[in-house]
Amino acid sequence: MRRGEVFALLGTNGAGKTSTVELLEGLAPASGGRVRVLGHDPYRERAAVRPRTGVMLQEGGFPSELTVAETARMWAGCTSGARPEAEALGLVGLARRADVRVKQLSGGERRRLDLALALLGSPEVLFLDEPTTGLDAEGRQDTWELVRALRDGGTTVLLTTHYLEEAEGLADRLAIMREGRIAVTGTPAEVTAGRPSRISFELPAGFFVGDLPPLAELGVVGHEVAGRVVRLETHEPQRAATGLLVWAERGRVELRRLEVRSASLEEAFLGIAREQGVAA
(Lines give C-alpha, C1' and ligand atoms only; values in the text may rest on other atoms or scores of the structure.)
Protein backbone atom coordinates (compact mmCIF):
# COMPACT_ATOMS: atom_id res chain seq x y z
CA MET A 1 0.00 0.00 0.00
CA ARG A 2 1.08 3.56 -0.66
CA ARG A 3 1.14 6.23 1.99
CA GLY A 4 -2.00 8.35 1.99
CA GLU A 5 -4.31 6.09 -0.01
CA VAL A 6 -7.46 4.09 0.62
CA PHE A 7 -6.91 0.44 -0.27
CA ALA A 8 -9.87 -1.97 -0.26
CA LEU A 9 -9.34 -5.68 0.38
CA LEU A 10 -12.24 -7.69 -1.03
CA GLY A 11 -13.08 -11.37 -1.26
CA THR A 12 -15.78 -13.95 -0.68
CA ASN A 13 -16.27 -15.52 2.74
CA GLY A 14 -13.28 -17.73 3.47
CA ALA A 15 -11.02 -16.01 0.93
CA GLY A 16 -8.56 -14.96 3.66
CA LYS A 17 -9.37 -11.28 4.25
CA THR A 18 -9.71 -11.48 8.02
CA SER A 19 -6.61 -13.62 8.41
CA THR A 20 -4.62 -11.16 6.31
CA VAL A 21 -5.85 -8.15 8.26
CA GLU A 22 -5.09 -9.85 11.58
CA LEU A 23 -1.50 -10.34 10.43
CA LEU A 24 -1.22 -6.69 9.45
CA GLU A 25 -2.71 -5.57 12.75
CA GLY A 26 -0.18 -7.64 14.65
CA LEU A 27 -2.81 -9.88 16.25
CA ALA A 28 -1.17 -13.07 14.97
CA PRO A 29 2.28 -14.09 13.69
CA ALA A 30 2.81 -15.03 10.07
CA SER A 31 3.38 -18.74 9.45
CA GLY A 32 5.57 -17.84 6.48
CA GLY A 33 6.77 -14.92 4.39
CA ARG A 34 7.17 -11.36 5.66
CA VAL A 35 4.68 -8.81 6.97
CA ARG A 36 5.70 -5.16 7.25
CA VAL A 37 3.67 -2.17 8.41
CA LEU A 38 5.49 1.17 8.46
CA GLY A 39 8.69 -0.77 7.93
CA HIS A 40 8.25 -3.02 10.99
CA ASP A 41 6.99 -6.50 11.77
CA PRO A 42 3.63 -5.65 13.39
CA TYR A 43 3.71 -8.73 15.63
CA ARG A 44 7.32 -8.90 16.79
CA GLU A 45 7.84 -5.13 16.79
CA ARG A 46 4.40 -4.27 18.11
CA ALA A 47 5.65 -1.44 20.32
CA ALA A 48 6.96 0.39 17.24
CA VAL A 49 3.79 -0.12 15.18
CA ARG A 50 0.82 -0.02 17.53
CA PRO A 51 1.03 3.68 18.53
CA ARG A 52 0.96 4.67 14.84
CA THR A 53 -2.05 2.57 13.81
CA GLY A 54 -5.79 2.58 14.45
CA VAL A 55 -7.95 -0.53 14.32
CA MET A 56 -11.71 -0.79 13.86
CA LEU A 57 -12.75 -4.43 14.24
CA GLN A 58 -15.98 -5.90 12.90
CA GLU A 59 -17.42 -5.72 16.40
CA GLY A 60 -16.20 -3.90 19.51
CA GLY A 61 -16.63 -5.36 22.99
CA PHE A 62 -17.51 -2.30 25.03
CA PRO A 63 -18.66 -2.35 28.69
CA SER A 64 -22.38 -1.81 28.32
CA GLU A 65 -22.82 0.25 31.50
CA LEU A 66 -20.28 2.92 30.58
CA THR A 67 -21.39 6.03 28.74
CA VAL A 68 -20.01 6.93 25.34
CA ALA A 69 -17.77 9.59 26.91
CA GLU A 70 -16.54 7.20 29.62
CA THR A 71 -15.75 4.55 27.02
CA ALA A 72 -13.75 7.04 24.95
CA ARG A 73 -11.95 8.28 28.09
CA MET A 74 -11.04 4.73 29.08
CA TRP A 75 -9.76 3.99 25.58
CA ALA A 76 -7.80 7.23 25.47
CA GLY A 77 -5.99 6.17 28.64
CA CYS A 78 -4.61 3.19 26.70
CA THR A 79 -3.72 5.19 23.58
CA SER A 80 -0.43 6.99 22.97
CA GLY A 81 -0.88 10.67 22.16
CA ALA A 82 -4.67 10.45 22.20
CA ARG A 83 -6.63 13.38 20.86
CA PRO A 84 -9.37 14.84 23.11
CA GLU A 85 -12.26 12.39 23.45
CA ALA A 86 -14.80 15.06 22.52
CA GLU A 87 -12.95 15.71 19.27
CA ALA A 88 -12.97 12.02 18.33
CA LEU A 89 -16.68 11.71 19.13
CA GLY A 90 -17.40 14.86 17.13
CA LEU A 91 -15.68 13.39 14.07
CA VAL A 92 -18.19 10.54 13.95
CA GLY A 93 -21.29 12.50 14.97
CA LEU A 94 -21.59 11.18 18.53
CA ALA A 95 -20.99 14.40 20.45
CA ARG A 96 -24.66 14.69 21.42
CA ARG A 97 -24.70 11.07 22.62
CA ALA A 98 -21.71 11.41 24.93
CA ASP A 99 -23.74 10.85 28.12
CA VAL A 100 -25.70 7.86 26.77
CA ARG A 101 -24.79 4.38 28.02
CA VAL A 102 -23.32 2.06 25.43
CA LYS A 103 -26.15 -0.45 25.91
CA GLN A 104 -28.62 2.20 24.78
CA LEU A 105 -26.87 2.89 21.48
CA SER A 106 -28.23 1.57 18.20
CA GLY A 107 -26.14 -0.81 16.13
CA GLY A 108 -25.13 2.02 13.82
CA GLU A 109 -24.12 4.24 16.75
CA ARG A 110 -21.93 1.48 18.14
CA ARG A 111 -20.16 1.32 14.79
CA ARG A 112 -19.60 5.08 15.02
CA LEU A 113 -18.12 4.59 18.48
CA ASP A 114 -15.86 1.84 17.10
CA LEU A 115 -14.58 4.31 14.53
CA ALA A 116 -14.13 7.12 17.06
CA LEU A 117 -11.89 4.92 19.21
CA ALA A 118 -9.85 3.86 16.19
CA LEU A 119 -9.21 7.55 15.48
CA LEU A 120 -8.20 8.54 19.01
CA GLY A 121 -4.49 8.21 18.32
CA SER A 122 -4.54 10.16 15.01
CA PRO A 123 -3.18 7.04 13.28
CA GLU A 124 -0.88 7.05 10.27
CA VAL A 125 -2.39 3.71 9.20
CA LEU A 126 -6.05 2.96 9.83
CA PHE A 127 -7.58 -0.52 9.53
CA LEU A 128 -11.34 -0.47 8.91
CA ASP A 129 -13.05 -3.88 8.98
CA GLU A 130 -16.60 -3.55 7.60
CA PRO A 131 -16.90 0.04 8.93
CA THR A 132 -20.42 0.83 7.69
CA THR A 133 -22.22 -2.40 8.61
CA GLY A 134 -25.40 -1.45 10.43
CA LEU A 135 -25.32 2.21 9.42
CA ASP A 136 -28.23 3.89 7.69
CA ALA A 137 -27.74 5.68 4.37
CA GLU A 138 -26.88 8.99 6.03
CA GLY A 139 -24.42 7.38 8.42
CA ARG A 140 -22.75 5.54 5.57
CA GLN A 141 -22.34 8.75 3.58
CA ASP A 142 -20.92 10.55 6.64
CA THR A 143 -18.41 7.76 7.18
CA TRP A 144 -17.36 7.88 3.54
CA GLU A 145 -16.76 11.62 3.77
CA LEU A 146 -14.70 11.12 6.93
CA VAL A 147 -12.58 8.42 5.29
CA ARG A 148 -11.93 10.72 2.32
CA ALA A 149 -10.95 13.55 4.66
CA LEU A 150 -8.56 11.26 6.55
CA ARG A 151 -6.96 10.16 3.28
CA ASP A 152 -6.60 13.74 2.13
CA GLY A 153 -4.89 14.47 5.45
CA GLY A 154 -2.28 11.77 4.75
CA THR A 155 -3.75 8.77 6.61
CA THR A 156 -3.35 5.40 4.91
CA VAL A 157 -6.57 3.37 5.12
CA LEU A 158 -7.00 -0.37 4.63
CA LEU A 159 -10.68 -1.14 4.16
CA THR A 160 -12.54 -4.43 4.06
CA THR A 161 -16.18 -4.29 3.03
CA HIS A 162 -18.98 -6.36 1.53
CA TYR A 163 -20.48 -3.22 0.00
CA LEU A 164 -18.88 -3.18 -3.42
CA GLU A 165 -20.20 0.30 -4.21
CA GLU A 166 -18.36 1.43 -1.07
CA ALA A 167 -15.08 0.00 -2.34
CA GLU A 168 -15.67 1.42 -5.83
CA GLY A 169 -16.43 4.87 -4.45
CA LEU A 170 -13.71 5.09 -1.79
CA ALA A 171 -10.73 3.02 -2.88
CA ASP A 172 -7.80 4.46 -4.78
CA ARG A 173 -6.70 0.88 -5.35
CA LEU A 174 -8.11 -2.50 -4.37
CA ALA A 175 -7.39 -6.21 -4.38
CA ILE A 176 -9.77 -9.14 -4.68
CA MET A 177 -8.69 -12.27 -2.83
CA ARG A 178 -9.46 -15.82 -3.85
CA GLU A 179 -8.44 -18.88 -1.82
CA GLY A 180 -5.83 -16.96 0.16
CA ARG A 181 -4.19 -15.27 -2.81
CA ILE A 182 -4.62 -11.98 -4.65
CA ALA A 183 -6.62 -12.76 -7.79
CA VAL A 184 -6.52 -9.22 -9.18
CA THR A 185 -5.34 -5.81 -8.01
CA GLY A 186 -5.33 -2.25 -9.34
CA THR A 187 -7.54 0.80 -9.42
CA PRO A 188 -11.29 0.12 -9.64
CA ALA A 189 -11.15 1.12 -13.31
CA GLU A 190 -8.25 -1.25 -13.98
CA VAL A 191 -9.98 -4.15 -12.23
CA THR A 192 -13.17 -3.73 -14.24
CA ALA A 193 -11.41 -2.98 -17.54
CA GLY A 194 -10.95 -6.64 -18.43
CA ARG A 195 -14.65 -7.42 -17.98
CA PRO A 196 -17.06 -7.01 -20.91
CA SER A 197 -19.59 -4.21 -21.16
CA ARG A 198 -23.27 -5.15 -21.36
CA ILE A 199 -25.98 -4.15 -23.81
CA SER A 200 -29.56 -5.14 -23.04
CA PHE A 201 -32.82 -4.48 -24.87
CA GLU A 202 -36.22 -5.95 -25.50
CA LEU A 203 -37.10 -7.27 -28.94
CA PRO A 204 -40.61 -6.56 -30.22
CA ALA A 205 -43.02 -9.41 -30.86
CA GLY A 206 -42.22 -11.39 -33.98
CA PHE A 207 -38.45 -10.83 -33.79
CA PHE A 208 -35.84 -13.25 -32.49
CA VAL A 209 -32.09 -13.20 -31.81
CA GLY A 210 -31.52 -14.85 -35.17
CA ASP A 211 -32.98 -11.78 -36.85
CA LEU A 212 -30.21 -9.56 -35.47
CA PRO A 213 -27.10 -8.88 -37.54
CA PRO A 214 -24.32 -11.47 -36.99
CA LEU A 215 -23.29 -10.86 -33.36
CA ALA A 216 -19.65 -11.79 -33.93
CA GLU A 217 -19.39 -9.05 -36.55
CA LEU A 218 -20.59 -6.57 -33.92
CA GLY A 219 -17.83 -7.63 -31.49
CA VAL A 220 -20.23 -9.51 -29.22
CA VAL A 221 -18.47 -12.20 -27.17
CA GLY A 222 -21.52 -13.65 -25.41
CA HIS A 223 -25.26 -13.34 -25.16
CA GLU A 224 -28.27 -14.62 -23.26
CA VAL A 225 -32.02 -14.36 -23.73
CA ALA A 226 -34.66 -14.12 -21.03
CA GLY A 227 -38.09 -13.99 -22.60
CA ARG A 228 -38.03 -11.01 -24.96
CA VAL A 229 -34.99 -9.45 -23.26
CA VAL A 230 -31.60 -9.89 -24.94
CA ARG A 231 -28.34 -9.28 -23.09
CA LEU A 232 -25.09 -8.97 -25.01
CA GLU A 233 -21.51 -8.91 -23.72
CA THR A 234 -18.82 -7.03 -25.63
CA HIS A 235 -15.43 -5.41 -25.18
CA GLU A 236 -16.38 -2.94 -27.93
CA PRO A 237 -19.62 -1.35 -26.71
CA GLN A 238 -19.59 1.53 -29.20
CA ARG A 239 -19.14 -0.79 -32.17
CA ALA A 240 -21.83 -3.20 -30.97
CA ALA A 241 -24.34 -0.48 -30.08
CA THR A 242 -23.80 1.33 -33.37
CA GLY A 243 -24.36 -1.86 -35.34
CA LEU A 244 -27.56 -2.62 -33.47
CA LEU A 245 -28.96 0.88 -33.87
CA VAL A 246 -28.16 1.00 -37.60
CA TRP A 247 -29.89 -2.37 -38.05
CA ALA A 248 -32.91 -1.22 -36.04
CA GLU A 249 -33.17 2.08 -37.94
CA ARG A 250 -33.01 0.40 -41.33
CA GLY A 251 -35.57 -2.21 -40.35
CA ARG A 252 -37.79 0.27 -38.47
CA VAL A 253 -37.42 -1.89 -35.37
CA GLU A 254 -37.84 -0.41 -31.89
CA LEU A 255 -35.35 -1.74 -29.34
CA ARG A 256 -37.24 -1.12 -26.13
CA ARG A 257 -35.51 -0.69 -22.76
CA LEU A 258 -32.17 -0.26 -24.51
CA GLU A 259 -29.30 0.05 -22.03
CA VAL A 260 -25.53 0.17 -22.55
CA ARG A 261 -23.26 0.11 -19.52
CA SER A 262 -19.65 -0.62 -18.65
CA ALA A 263 -18.68 -3.49 -16.41
CA SER A 264 -19.05 -2.80 -12.67
CA LEU A 265 -16.87 -3.84 -9.77
CA GLU A 266 -19.70 -6.14 -8.69
CA GLU A 267 -19.51 -7.99 -12.01
CA ALA A 268 -15.73 -8.31 -11.71
CA PHE A 269 -16.09 -9.59 -8.15
CA LEU A 270 -18.79 -12.12 -9.06
CA GLY A 271 -16.76 -13.28 -12.05
CA ILE A 272 -13.79 -14.04 -9.80
CA ALA A 273 -16.07 -15.73 -7.26
CA ARG A 274 -17.51 -17.95 -10.01
CA GLU A 275 -13.98 -18.83 -11.13
CA GLN A 276 -13.24 -19.84 -7.55
CA GLY A 277 -16.31 -22.06 -7.52
CA VAL A 278 -15.29 -23.74 -10.79
CA ALA A 279 -11.76 -24.29 -9.51
CA ALA A 280 -13.10 -25.83 -6.31
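Conventions and cut-offs
Residues numbered from 1 in each chain as written. Predicted model: local features only at pLDDT ≥ 70, side-chain atom pairs only at ≥ 80, totals over all residues. Heavy atoms only, no water. Helix = DSSP H or I, 4+ residues; strand = E, 2+ residues; numbered from the N terminus. Rg over C-alpha atoms; globule rule 2.2 N^0.38 Å. Buried < 20%, exposed > 50% of the residue type's maximum accessible area, 1.4 Å probe, protein only. Contact = heavy atoms within 4.5 Å. Pairing = 2+ DSSP bridges. Axes fitted to C-alpha atoms, helices over the stretch in contact; angles between N-to-C directions. Polar contact = N/O pair within 3.5 Å; in protein donor to acceptor, adjacent residues only side chain to side chain. 1 Å grid on protein atoms, 1.4 Å probe; cavity = no way out; pocket = protein on both sides within 12 Å on 5 of 7 lines; lining within 4 Å. Points joined across faces, edges and corners; volume = space filled by probe spheres on them. Expected span 1.5 Å × (residues − 1). Arc of directions from axis to C-beta.

### Quick look at the overall build of the protein
Moving on, step 1. Broken down by element type, the protein carries 10 helices and 10 strands.
Moving on, step 2. Rg of the C-alpha trace for the protein: 24 Å, well past the compact-globule value of 19 Å for 280 residues, more than 25% over.
Moving on, step 3. Over its C-alpha atoms, taken along the principal directions, the protein stretches across nearly 75 × 45 × 35 Å.
Moving on, step 4. Every one of the 280 residues in the protein was classed for burial, and the buried ones make up 44%.

### Re the environment of Met 74
Moving on, step 1. Summarising the element assignment, Met 74 is placed in helix 3 (residues 68–76).
Moving on, step 2. Between the C-alpha atom of Met 74 and that of Thr 187, which follows or precedes it by 113 residues, the distance is 39 Å.
Moving on, step 3. Here Met 74 is in contact with Pro 63 and Leu 66, once residues within four sequence places are set aside.

### Considerations on the sheet that holds strand 3 (residues 125–129)
Moving on, step 1. Read across the sheet, 6 strands follow the order 2-3-4-1-5-6 without closing on themselves; strand pairing throughout is mixed. Two strands lie at the open edges of the sheet, namely strand 2 (53–56) and strand 6 (181–186), each paired on one side alone. The sheet shows a mean angle of 15 degrees between the axes of neighbouring strands, direction not considered.
Moving on, step 2. Sheet topology note: the strand 2/strand 3 ladder contains 4 bridges and is parallel. Of the residues in strand 3, the one forming a bridge with Gly 54 is Leu 126.
Moving on, step 3. Those strands touched by helix 5 (residues 107–118) are strand 2 and strand 3, and its axis lies near 165 degrees from that of strand 2.

### Things to note about the side chain of Arg 173
Moving on, step 1. Secondary-structure assignment places Arg 173 in strand 5 (residues 173–178).
Moving on, step 2. Here Glu 5 takes part through its side chain, which lies 2.8 Å from a polar atom of the side chain of Arg 173.
Moving on, step 3. Ignoring sequence-local partners within four residues, the contact set of Arg 173 consists of Met 1, Arg 2, Glu 5, Val 6, Phe 7, Ala 8, Gly 186 and Thr 187.

### Some details on the layout of surface pockets
Moving on, step 1. Size it by volume and the largest pocket reaches roughly 540 Å³.
Moving on, step 2. Together, 22 residues line the largest pocket, and Met 1, Thr 20, Leu 24, Arg 36 and Leu 158 are the ones closest to its centre.
Moving on, step 3. Going through the elements one at a time, strand 1 (6–11), helix 1 (17–24), strand 3, strand 4 (156–160), strand 5 and strand 6 are the ones with two or more residues in the lining of the largest pocket.
Moving on, step 4. Within this model, the second largest pocket holds a volume of roughly 250 Å³.
Moving on, step 5. Around the second largest pocket, the lining is made up of 15 residues, and of these Arg 50, Val 55, Met 56, Leu 57 and Trp 75 lie nearest the centre.

### A few points about helix 6 (residues 137–152)
Moving on, step 1. The terminal C-alpha atoms of helix 6 lie 23 Å apart, and with 16 residues this matches the ideal 22 Å at 1.5 Å per residue to within 8%.
Moving on, step 2. Within helix 6, burial applies to Gly 139, Arg 140, Thr 143, Trp 144, Leu 146, Val 147, Leu 150 and Arg 151. Looking straight down helix 6, one finds that the buried residues subtend no more than 165 degrees of arc, so they occupy a single side. In helix 6, the exposed residues that point more than 90 degrees away from the buried face are Ala 137, Glu 138 and Asp 152.
Moving on, step 3. On its buried side, helix 6 packs onto strand 1, helix 4 (85–91), helix 5, strand 3, strand 4 and helix 7 (164–170).
Moving on, step 4. Where helix 6 ends, the next residue or the one after it, Gly 154, has phi of about 105 degrees, a positive value.

### A short note on unusual backbone geometry
Moving on, step 1. A positive phi angle, near 55 degrees, is found at Leu 38, a position not held by glycine.
Moving on, step 2. Of note, Leu 38 is situated in the loop between helix 1 and helix 2 (46–49).
Moving on, step 3. Judged by relative accessible area, which is 22%, Leu 38 ranks as partly exposed.
Moving on, step 4. A positive phi is found at Ser 122, a non-glycine position, where the angle reads about 45 degrees.
Moving on, step 5. With respect to the helices and strands, Ser 122 occurs in the loop between helix 5 and strand 3.

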